[in-house]
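Chains, contacts and geometry: an overview
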Amino acid sequence: MSPEPKGNQKKIINDTEGIYLVDAGAGTGKTFTVSRRYAKLLESESDPEDIFLATFTENAAENMREEIINHSNYPLAELRDAPISTFHGFCQRLLLREGFNAPGYLGLEDVITTKTRTISNRVQENREFAMFYDSFRETHPEYGKFYRTVYESSNLLHLIKSLGVKGIFPKESGWYREGVNLLKGNYEKYLENLESINTPLQGKRGKKQSKLLKQLRKMKDRTFESEDLTRKQDVKEGKQVDPDVMKNAFRRDRSELFEFIHDLYFEYVEYALGRNYLNFSFQLMFAYVLLMEDNRLRNLSQFDYVMIDEFQDTNEIQFKLSLLLSNAGNILAVGDWKQSIFGFQYASIENITEFEDRLREYHRQINRDKQRTPYSPGKVEAIS
């Protein structure tokens, strides 16, 4: 006999209109509640094609699907094909079906075909990127001073992928939409983050060096543009990196650095497409661009209800996709911010801790030049 929902579980199941942020920790019956909510929507005459349920892994998606099948009278065949998947799985299917010309929106000549595969093995992609980087260095000698600061090419690959999940995409000339402002960063936020990683740590025998200073343990081997900064001791202030050095690093002219990042990023996307593969970051990028620019496809792809599980493991572009895929502003985000310490590499816990601010800012970005989401974000109801 199935258990009966209780307390806030009832509210989540029955209140389906509007935007909800649910803090659901271990043992709160999250899977039970989300699957019952889905079944409730089906009972209310919604079809599976009207509901997008995003989970963090394909295994979790299948478990959720089985729960829904077991507690719904809806035809099994239609539930088997229902859009219950990871964001990556959804984007991959969208691109293989509709994404042939998606690269063109960024000025890329290559296309996405049914032969375009997903590269998920980190070691394999590191090898591919290393080959690309060797070629890039030969064709771009003008960036020599930046090459001298790179010890592992995989660090640059990590940079590219981290920019992608933040919604920073390169075009043939310049950056896509808000990308350049996001790349420059917010000075106040920078200072806040700097303080958090540059504060000396408390150890058993007194203060230890900060996380930032610890990351610079190989400083003696590095090369700097400034003649005043040649050794680790030149940037230290006690147990931390000299805050003035870090502030000046943000304020200095970084246009040449941005050009290097742009060319490296854009040409690596070209390289990947030319070898018929996309990584997870590029899948999100092209799916987002496609939905932003193709009005017909976006209208066909939007859902009456969007539900996202494990929201603490989402990144910025997945949050934006959640808004873009909704046609009515009925969004349920379920997560546990306390699990962020175990989070996915590119996850952004701020998606939960700054949910309402991000919701309104991302909605503004999506609709800046035209209406893409036919709703305005109203009150967010938080449930714990």
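Here the structure is shown first, and the text comes after it.
Here we summarise the structure given alongside this text.

Parameters at a glance
Residues numbered from 1 in each chain as written. Predicted model: local features only at pLDDT ≥ 70, side-chain atom pairs only at ≥ 80, totals over all residues. Heavy atoms only, no water. Helix = DSSP H or I, 4+ residues; strand = E, 2+ residues; numbered from the N terminus. Rg over C-alpha atoms; globule rule 2.2 N^0.38 Å. Buried < 20%, exposed > 50% of the residue type's maximum accessible area, 1.4 Å probe, protein only. Contact = heavy atoms within 4.5 Å. Areas by Shrake-Rupley, 256 points an atom, 1.4 Å probe, with all protein chains shown as cover. Lys, Arg positive; Asp, Glu negative; His and termini not counted. Charge placed at Lys NZ, Arg CZ, Asp CG, Glu CD. Pairing = 2+ DSSP bridges. Polar contact = N/O pair within 3.5 Å; in protein donor to acceptor, adjacent residues only side chain to side chain. Expected span 1.5 Å × (residues − 1).

**As for the overall build of the chain**
Along the chain, the regular secondary structure elements total 18 helices and 12 strands. The C-alpha radius of gyration computed for the chain amounts to 23 Å, which stays within 12% of the reference 21 Å derived for 384 residues, consistent with globular compactness. Each principal axis of the C-alpha distribution contributes one length, and for the chain these read about 70 × 55 × 40 Å. Sorting the 384 residues of the chain into buried and exposed places 48% on the buried side. The contacts of the chain with a sequence gap of at least 6 include a subset with a gap of at least 24, amounting to 73%. When the accessible surface of the chain is summed, it comes to about 19900 Å², and 47% of that surface belongs to carbon and sulfur atoms. Side chains of the chain carry 54 positive and 58 negative charges; the gap between the two charge centres is 6 Å.

**Observations concerning the sheet that holds strand β2 (residues 51–54)**
The pairing of strands in a sheet happens through backbone hydrogen bonds and is either parallel or antiparallel. Strands sit in the order β3-β2-β10-β11-β1-β12 across an open sheet of 6 strands; the sheet is parallel. Where the open sheet ends on each side, the last strands, each with one partner, are β3 (84–85) and β12 (380–383).

**Side note on the environment of L284**
Here L284 is to be found in helix α14 (residues 280–293). Exposure remark for L284: the relative accessible area of 1% places this residue in the buried category. Sequence-wise, L284 and E45 are 239 residues apart; in three dimensions their C-alpha atoms are separated by 31 Å. Each residue touching L284, except ones within four places of it in the same chain, is listed here: F87, H88, C91, V165, N315, I317, Q318 and L321.

**Some points on the side chain of S162**
Along the chain, S162 turns up in helix α8 (residues 153–165). S162 gets classed as buried once you look at its relative accessible area, which sits at 15%. Of the polar contacts made by the side chain of S162, one reaches the backbone oxygen of L159; its length is 2.7 Å.

**Topic: α8**
In a regular helix each residue adds 1.5 Å, so 13 residues correspond to 18 Å; α8 covers 19 Å between its end C-alpha atoms and thus fits that length. Those residues of α8 lying buried are S153, L156, L157, I160, K161, S162, L163, G164 and V165. Looking one or two residues past α8, G167 carries a phi angle of roughly 85°, positive in sign.

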